[in-house]
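Residues per chain are reported as follows:
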Amino acid sequence: MHDTWPRLEEIAFPPIRRGQLDTLQVNVGYRCNQSCVHCHVNAGPHRSEEMAGDVVDDVLAFLAQRRVATLDITGGAPELNPHFRRMVTSARAIGVRVIDRCNLTILEVPGQEDLAQFLARARVEIVASMPCYLEQNVDRQRGKGVFDASVRGLQRLNALGYGREGTDLVLNLFYNPQGPVLPPAQDALEADYKRILGERYGIAFNSLYTLANMPIQRFGAILIAQGEFGRYLEVLRAAHIDANLEHVMCRNLVSVDWRGYLYDCDFNQMLDLPLRHGGRERLHIADLLAAEIEGDAVRVAGHCYGCTAGQGSSCGGALKSEFAVE
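Note that the coordinates shown come from a computational prediction; the quantities given were computed from them, not determined experimentally.

**Q** Just checking my understanding: could you explain the overall build of the chain for this structure?
**A** Within the chain, the secondary structure is distributed over eleven helices and eight strands. For a compact globule of 326 residues, the expected C-alpha radius of gyration is about 20 Å, and the chain comes in at 19 Å, within 12% of that figure. With the C-alpha coordinates aligned to their principal axes, the bounding extent of the chain is approximately 50 × 45 × 40 Å. Within the chain, the fraction of its 326 residues that count as buried is 60%. Taken as a whole, the chain presents about 13300 Å² of accessible surface, with 48% of it coming from carbon and sulfur.

Here you go:
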C-alpha cells in the first residue's frame, strides 16, 4: 500500500493549540467484519491489533480521575473487542456519555445477536456509518449486501426506540463521499436522508454527520495509485476556511490507540504521529493522569485540510453549517 505521509508532511498547515479536553476517543482495535474503500483505519477481518484488558483499565481510570465528559469508542468494529461491553458499562456507571461508532452490519455477526439490546439498556449513543441512501452506492463502497444489512440494523435499532421522538436513545448517521470530492451541505443532505429512508424503509434517526474522506491509509493509497492524490489535496486546500480552525475536533479531543498511546486525533493515529508533551515524543494514557495538555501545539500536516475545507469536517460532522458550500 502506498505511503501517503511523505507527501503530506511537505504541506504546511496553520498552527493549532489545544483547548480544554472534553472527549476521549478510544480505538479498541482494527479488526472489523468489513473492508471499506474509504476506511482511513485500513480495518478489516484479518487485522489482529486489539486493546487488552489492562489498557481498558487505564482508560477507565483516566475517565474517573479526569472527569472527561465523553467516551467515543471506535475501531475497526469496536464491538468485536472482548472488553467492549465492560468498558461501556463501567463508563456509564460513572456518568460518562458513551458513543459507539457502529457499522450496523455488526448487529448480525454471530455472537452479537444481543448487541442492540445491550446498547439500548446502557443508553449508548450510536453513530452509524451509512454512506448513502441508495443500495448501489453503499454496496460499491462497502461490499455487496451491506446496504440491506444496514437497513435491517437501523430498523432493529428503531424498534428499540433509537432515533425516535420522545426517547433518549440517540441514533446519528455518518456520511462519506464516494470519491475525492467534498461532502455536500450537511443540512440539505440530512433532509434527503430522512425523507428517503423514512418513505422507503420506515427508518428514523436524529442527525446526519458528513465527513470528508481523509487522504491517508486505504483511501489515500487508492488516490496515489489512480494519480488523483495531488488533485484531491488541491481541492481540500482551495476550500480551506480559517474560521474552521477554532472548531476542529483536535482542540478538545485526545485519540487513544489499542496499545494506550495518545494522538491529537484519530487521523494522526493512523499516520503514527503521537501526541507530544513536555519534550516527550510518545505518551501513554497512564502518563496523562497527571499531565495538563491544554495550550499544547497539535501536530499538523497536509491531511488536516480535510477537516477545514468547506463546511468543515469532524467526528461530529460539519463544523459550522453557515460555512457550507453550495
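**Q** Where do I start with the state of the cysteines in this structure?
**A** By definition, a disulfide links the sulfur atoms of two cysteine residues through a covalent bond. One pass over the structure, following the stated rule, counts zero disulfides. With no disulfide of its own, C102 has C32 as its nearest cysteine by sulfur position, at a separation of 9.8 Å. Its relative accessible area of 2% is what places C102 among the buried residues. Between C307, a cysteine without a disulfide, and C265, which holds the nearest cysteine sulfur, the sulfur-to-sulfur distance is 6.4 Å. By relative accessible area, C307 is classed as buried at 10%.

**Q** Explanation requested: empty space enclosed by the protein in the structure shown.
**A** Empty pockets left among the atoms are what a rolling probe the size of a water molecule brings to light. Taken as a whole and judged by the stated rule, the model has four cavities of 30 Å³ or more. Every residue lining the second largest cavity is counted, 14 residues in all, and those nearest its centre are C250, C265, F267, C304 and C307. Classifying every residue of the lining of the second largest cavity by side-chain character gives eleven nonpolar, two polar and one charged.

**Q** Before we go on, may I ask you to explain the pattern of salt bridges in this structure?
**A** Oppositely charged side chains can pair when the atoms bearing their charge come close. In total, this model carries 18 salt bridges according to the counting rule given. As a salt-bridge pair, E49 and R47 come within 2.8 Å of each other at their nearest N and O atoms. Ionic pairing is found between R152 and E108, a salt bridge with its closest N-O pair at 2.6 Å. Remark: E108 occurs in the loop between β3 (97-102) and α4 (115-121) and R152 occurs in helix α6 (residues 146-159); sequence separation between them is 44 residues. Residue class for R152 comes out partly exposed when judged on its relative accessible area of 41%.

**Q** Looking at this structure, how should I read the sheet that holds strand β8 (residues 262-263)?
**A** In any sheet, the strands associate via hydrogen bonds between backbone groups, in a parallel or an antiparallel arrangement. Taken together, eight strands build an open sheet; the order of strands is β6-β5-β4-β3-β2-β1-β7-β8 and the sheet is mixed. The open sheet is flanked by β6 (207-210) and β8, the only strands paired with a single partner. Across four bridges, the pairing between strand β1 (residues 23-27) and strand β7 (residues 253-256) is parallel. Looking across to β7, one finds that V26 is bridged to V256. Sitting on the sheet, helix α2 (residues 53-66) is in contact with β1 and β2 (70-74), with an inclination near 175 degrees to β1. Sheet strands touched by helix α7 (residues 186-201): β5 (171-175) and β6. Its angle to β6, the strand with the most contacts, is close to 130 degrees.

**Q** I tried to follow the layout of surface pockets on my own but got confused; where do I start?
**A** Roughly 400 Å³ of volume is contained in the largest pocket. T23, M249, S314, C315 and G316 are the residues nearest the centre of the largest pocket, which is lined by 22 residues in total. Examining the composition of the lining of the largest pocket, we find that three residues originate from one element, β3, more than from any other. For the lining of the largest pocket, a count of residues per class yields nine nonpolar, seven polar and six charged.

**Q** Explanation requested: the packing of α2 against helix α3 (residues 84-93) in the structure shown.
**A** When two helices pack together, you describe them by how their axes are tilted relative to each other and by the distance separating the axes. At their nearest, the axes of α2 and α3 sit 10 Å apart, and the two run at 15 degrees to each other. By the angle class used here, α2 and α3 are roughly parallel. Considering the relative orientation of α2 and α3, their crossing is right-handed. Facing G53, V56, D57, V59, L60 and L63 of α2, the residues of α3 in contact are R86, M87, S90 and A91. When grouped by side-chain class, the residues that make up the contact of α2 with α3 number six nonpolar, two polar and two charged.

Calculation notes
Residues numbered from 1 in each chain as written. Predicted model: local features only at pLDDT ≥ 70, side-chain atom pairs only at ≥ 80, totals over all residues. Heavy atoms only, no water. Helix = DSSP H or I, 4+ residues; strand = E, 2+ residues; numbered from the N terminus. Rg over C-alpha atoms; globule rule 2.2 N^0.38 Å. Buried < 20%, exposed > 50% of the residue type's maximum accessible area, 1.4 Å probe, protein only. Areas by Shrake-Rupley, 256 points an atom, 1.4 Å probe, with all protein chains shown as cover. Disulfide = S-S within 2.5 Å. 1 Å grid on protein atoms, 1.4 Å probe; cavity = no way out; pocket = protein on both sides within 12 Å on 5 of 7 lines; lining within 4 Å. Points joined across faces, edges and corners; volume = space filled by probe spheres on them. Nonpolar A, V, L, I, M, F, W, Y, C, P; charged D, E, K, R; others polar. Salt bridge = Lys/Arg side-chain N within 4 Å of Asp/Glu carboxyl O. Pairing = 2+ DSSP bridges. Contact = heavy atoms within 4.5 Å. Axes fitted to C-alpha atoms, helices over the stretch in contact; angles between N-to-C directions. Parallel < 35°, antiparallel > 145°, perpendicular 65-115°, else oblique. Left-handed = near helix turned anticlockwise from the far one by under 90°.

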